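Fold and contact review
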Amino acid sequence: MKIYLFSLFALIIALFACNNDKVSHADHQTNATNEIYTCPMPEDSVFSDKPGSCPKCGMDLVKMERKQQEQKKAEYTCPMPEDSVFSDKPGACSKCGMDLVKIESQHHEQENTEYTCPMHPEVIKDKPGACPICGMDLVKKETGNKKVGDIEMESLLKPTNEFVISSIPVTTIEKKREQIEIEALGNIAYDTRQIGSISARVAGRIEKLYVRYRYQKINKGQRILDIYSPELLTAQQNLLFLLKNDADNTAFIEAAKERLLLLGMSTEQLKQVINTSQPAFTIAIFSNYSGHIHETASAAGMNSDPGNMRDIPLLTEELSLKEGMYLQKGQSIFSVFNPDRAWAVLNISGDIQSLVQKGNTVRIVPETAPSKDFRATIDFIEPFFRKESKTLTARVYFNNSGLKIPVGSQVKATVFGNNKEAYWLPKEAVLSLGLDKVVFEKTDGGFKAKKISTGITHKKLIQVLNGLTTKDSVAVNAQFLMDSESFIKVKN
């Protein structure tokens, strides 16, 4: 009987020991499974259920203390942060007695909160700070608690002067017809079609000069000078001889009169000679034009070298012609410019000269009197570039008698009436590198710099000649994708 009881007691002890071993083994497995590893750098917020390396900084993960693990798994905490009491079920704080409150999953939101630079979207950080490129404050970037797509390593390894990673909006070229308004600068000039010339029809000496200075205003029929001419004196004497000795020879008499008129004598002067039967030793020369007196090159250059440009102060000095000087037959004495008939001479740049045509409407705004703007039409386009100028010249004729715009003053002009059908792109999308024009074309993973050929610029649009198709997407603002023009490299 004793042996039986001893055997039963030994069996119970053995069963209890085995049960304890199973519990210990299960607890050990549970504890091993519940072990959590984290990065020593708190800002990385990296957790794992097994040892390894931090994917952000590369440091070895360390095992978390059980208290930290419980805090990590806790759903309730004390409102007083200094108590640091956590629990997986509702209840009262063991330190202050306050009811435990549920922990909001803020840490999950914080893990998904990112900060980026407004000017450099490629800069992304998980905490506030300053942009390492431009120094601007980083702003919060909402990701909607969704995982941001990873950027391929191939994109990150591409040269920064050829490839840019960004999420800037894109646009495409658009084919449409635009009403082109061309802005041009110019100046007011005399209408050379209205220039008159006062010449000496006979050789002689200036006895009296009635014009004293340059740009003097004269009117048609005004007396300019008196000239003594031996040729004119002889012609008068011949006429008087015929009238006295052969009055019936009308043919010779009429021929003599015609010769005097052709030599510059007026009808009144001729009548006076016939009536008085006395020749006039001096003959008056009158102007047939109204305007401003200008010396001709022959008159101004009698005592100077005509091949050299004259100084500007000389233009305001007295006339080079003086009383007592001799004139040659056929010599041009003065030129008369009419200020009431003028040109607006406009300078058109070579890249838009094809858009300017004869007959286009033009709005002219004088610099001296902006309120006296007027409209006219282009009357003539010079078929050549002027010396030392890379612009084409267009002439606009107008009547200046009422406007009184000073000759030589500057004007602004707007040319209307041209339509241009072409491919257009926003002007901000094109980056100028001097002779080259560059856009940033959208590709897989970012933007690639691409060289294009452009034409005219109209308002906020620029014409694209080649280099892009309607299917190509480019950055809306190319300035956002570069830090320095010298960094951009394009492959032809």
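Residues numbered from 1 in each chain as written. Predicted model: local features only at pLDDT ≥ 70, side-chain atom pairs only at ≥ 80, totals over all residues. Heavy atoms only, no water.

**Here's the deal with the packing of helix α6 (residues 250-262) against helix α7 (residues 267-276)**
Contact geometry of α6 with α7 gives a least axis separation of 10 Å together with a crossing angle of 135°. The angle between α6 and α7 places the two elements in the oblique class. Once α6 is placed against α7, the crossing between them reads as right-handed. The residues of α7 that touch α6, namely those facing Lys257, Leu260 and Leu261, are Thr267, Leu270 and Ile274. The residue inventory of the contact of α6 with α7, partitioned by class, reads four nonpolar, one polar and one charged. (Axes fitted to C-alpha atoms, helices over the stretch in contact; angles between N-to-C directions. Helix = DSSP H or I, 4+ residues; strand = E, 2+ residues; numbered from the N terminus. Parallel < 35°, antiparallel > 145°, perpendicular 65-115°, else oblique. Left-handed = near helix turned anticlockwise from the far one by under 90°. Contact = heavy atoms within 4.5 Å. Nonpolar A, V, L, I, M, F, W, Y, C, P; charged D, E, K, R; others polar.)

**Observations concerning the sheet that holds strand β9 (residues 139-141)**
What links the strands of a sheet is backbone hydrogen bonding, and the strands pair in either a parallel or an antiparallel sense. Strand order across the open sheet formed by three strands is β8-β7-β9, with antiparallel pairing between neighbours. The two strands at the open ends of the sheet, each matched to only one other strand, are β8 (124-125) and β9. In the sheet, strand β7 (residues 114-116) pairs with β8 via two bridges, with the strands oriented antiparallel. The residue of β8 that forms the bridge with Thr116 is Ile124. (Pairing = 2+ DSSP bridges.)

**Regarding the sheet that holds strand β14 (residues 204-209)**
Spatially, the four strands line up as an open sheet ordered β17-β16-β14-β19, and their pairing is antiparallel. Two strands close off the open sheet at either side, each with one partner strand: β17 (282-286) and β19 (326-327). Of the pairings in the sheet, the one linking β14 to strand β16 (residues 223-228) comprises four bridges and is antiparallel in character. Following the sheet pairing, Ile206 is matched in β16 by Ile227.

**Some words on the pairing of strand β23 (residues 374-377)**
As a general feature of sheets, a regular strand has side chains that alternate between the two faces. A one-sided burial pattern is seen for β23, the buried positions being Phe374 and Ala376 and the unburied ones Arg375 and Thr377. In terms of strand pairing, strand β22 (residues 361-366) meets β23 through four bridges, oriented antiparallel. Within the sheet, the bridge partner assigned to Thr361 lies in β23 and is Thr377. (Buried < 20%, exposed > 50% of the residue type's maximum accessible area, 1.4 Å probe, protein only.)

**A few points about the side chain of Glu382**
Summarising the element assignment, Glu382 is placed in strand β24 (residues 380-385). Polar side-chain contacts of Glu382 include one of 3.2 Å to the side chain of Arg395. Apart from residues lying up to four places away in sequence, Glu382 is in contact with Leu392, Thr393 and Arg395. (Polar contact = N/O pair within 3.5 Å; in protein donor to acceptor, adjacent residues only side chain to side chain.)

**As for the state of the cysteines**
For the structure on display, the rule yields zero disulfides. Among the cysteines around Cys117, which has no disulfide bond, Cys131 carries the closest sulfur, lying 3.5 Å off. Given the relative accessible area of 2%, Cys117 is considered buried. (Disulfide = S-S within 2.5 Å.)

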